[in-house]
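Structure assessment
If you want the building blocks of each chain, they are given just below.
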Amino acid sequence: MSKEKFITLKSTAVPLPIENIDTDQIIPARFLKATTREGFGENLLRDWRYDSAGKPKADFVLNDHKHSGKILVAGKNFGCGSSREHAAWAIYDAGFRVVISSFFADIFKNNALNNALLPVQVSDAFLKKIFALITKQASTIITVDLQKQLVELEDGSSENFDINAYKKTCLINGYDDIDYLLSLRSEIKQFELTH
């Protein structure tokens, strides 16, 4: 199943300046009963967002109407812990299309890329700058340009990020792995004819 195309995103961001957020915090294990990707967003960071009675905690950033957008900015070592793909599903289902951090766990990073969620790894210094800008002004716009592999802030500062070339092609074209292979049909047929 193909996903939406990702080329450039301009959005406000939600700051989550906590390090070592693991996949059980992102989506607690007790919510892993579904087999489809939908419906996980409401339980994203559930134990931090809601009290034991299920009421939103007013002091948690996802419940603060001041902060919104399609970009989640998180502390270092985001997505560590178990390999559950549901963590990427929950973030995507909650409306985020990009997660920016200074380090991602490898399995989370791959799960995100496989589910049309772009993990953007920046330097510690640039991440600190992003947090400072968002804290000062929640309406700060961040631009993520996948073709240029660039994150740009409103003050004109920017930083490049790395991404696997294959995954970049898939995101830009809205492909999953099957769509990518199907896009090569003519080349595959040509290869068969000549070999």
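Our subject in this report is the structure included herewith.

1. Considerations on the packing of aromatic side chains
Across all of its chains, the model carries five aromatic pairs by this definition. Plain terms: the ring middles of Trp48 and Phe60 are 6.2 Å apart, the flat faces sit at 65° to each other, and that makes the pair edge-to-face. Linking Trp48 in helix H2 (residues 46-49) with Phe60 in the loop between H2 and strand S3 (71-74), this pair joins segments that are twelve residues apart in sequence. When its relative accessible area of 23% is taken as the criterion, Trp48 is described as partly exposed. A centroid spacing of 5.2 Å and a plane angle of 85° characterise the contact between Phe78 and Phe108, whose relative ring orientation is edge-to-face.

2. Re the sheet that holds strand S7 (residues 150-153)
The sheet built from four strands is open, its strands ordered S1-S6-S7-S8 with antiparallel pairing. For this open sheet the edge positions go to strand S1 (8-11) and strand S8 (158-160), each flanked by a neighbour on one side alone. The sheet shows a mean angle of 10° between the axes of neighbouring strands, direction not considered. Relative to S8, S7 runs antiparallel, the two sharing three bridges. Counted as the bridge partner of Glu152 is Ser158 from S8.

3. Here we look at the environment of Asn77
Relative to the helices and strands, Asn77 resides in the loop between S3 and helix H3 (86-93). Once the C-alpha coordinates of Asn77 and Ala105 are considered, the two residues, 28 residues apart in sequence, prove to be 6.1 Å apart. Beyond its immediate chain neighbours, meaning those up to four positions away, Asn77 contacts Asn20, Ile21, Ser101, Phe103 and Ala105. Of note is the side chain of Asn77, whose polar atom sits 2.8 Å from the side chain of Asn20.

4. Topic: H3
Burial analysis of H3 places six of its eight residues in the buried class, which makes it a mostly covered element. Where H3 is concerned, the buried positions are His86, Ala87, Ala88, Trp89, Ala90 and Ile91.

5. Regarding a nonpolar patch on the surface
A contiguous nonpolar patch, built from Ile178, Leu181 and Leu182 and spanning about 290 Å² of accessible area, is present on the exposed surface. The topology assignment puts Ile178 in helix H7 (residues 177-183).

6. Points about the environment of Lys76
Within the secondary structure layout, Lys76 lies in the loop between S3 and H3. In this structure Lys76 comes out as partly exposed when scored by relative accessible area, which is 36%. If we ignore the near neighbours within four places in the chain, the residues touching Lys76 are Ile18, Glu19, Asn20, Ser101, Ser102, Phe103, Asp124 and Leu127.

Each value, and the rule that gives it
- Residues numbered from 1 in each chain as written.
- Predicted model: local features only at pLDDT ≥ 70, side-chain atom pairs only at ≥ 80, totals over all residues.
- Heavy atoms only, no water.
- Phe/Tyr/Trp six-rings, centres within 6.5 Å; stacked < 30°, edge-to-face > 60°.
- Helix = DSSP H or I, 4+ residues; strand = E, 2+ residues; numbered from the N terminus.
- Buried < 20%, exposed > 50% of the residue type's maximum accessible area, 1.4 Å probe, protein only.
- Pairing = 2+ DSSP bridges.
- Axes fitted to C-alpha atoms, helices over the stretch in contact; angles between N-to-C directions.
- Contact = heavy atoms within 4.5 Å.
- Polar contact = N/O pair within 3.5 Å; in protein donor to acceptor, adjacent residues only side chain to side chain.
- Patch = residues over 30% accessible without salt bridge, like charges linked within 9 Å, V, L, I, M, F, W, Y side chains within 5 Å.
- Areas by Shrake-Rupley, 256 points an atom, 1.4 Å probe, with all protein chains shown as cover.
- Salt bridge = Lys/Arg side-chain N within 4 Å of Asp/Glu carboxyl O.

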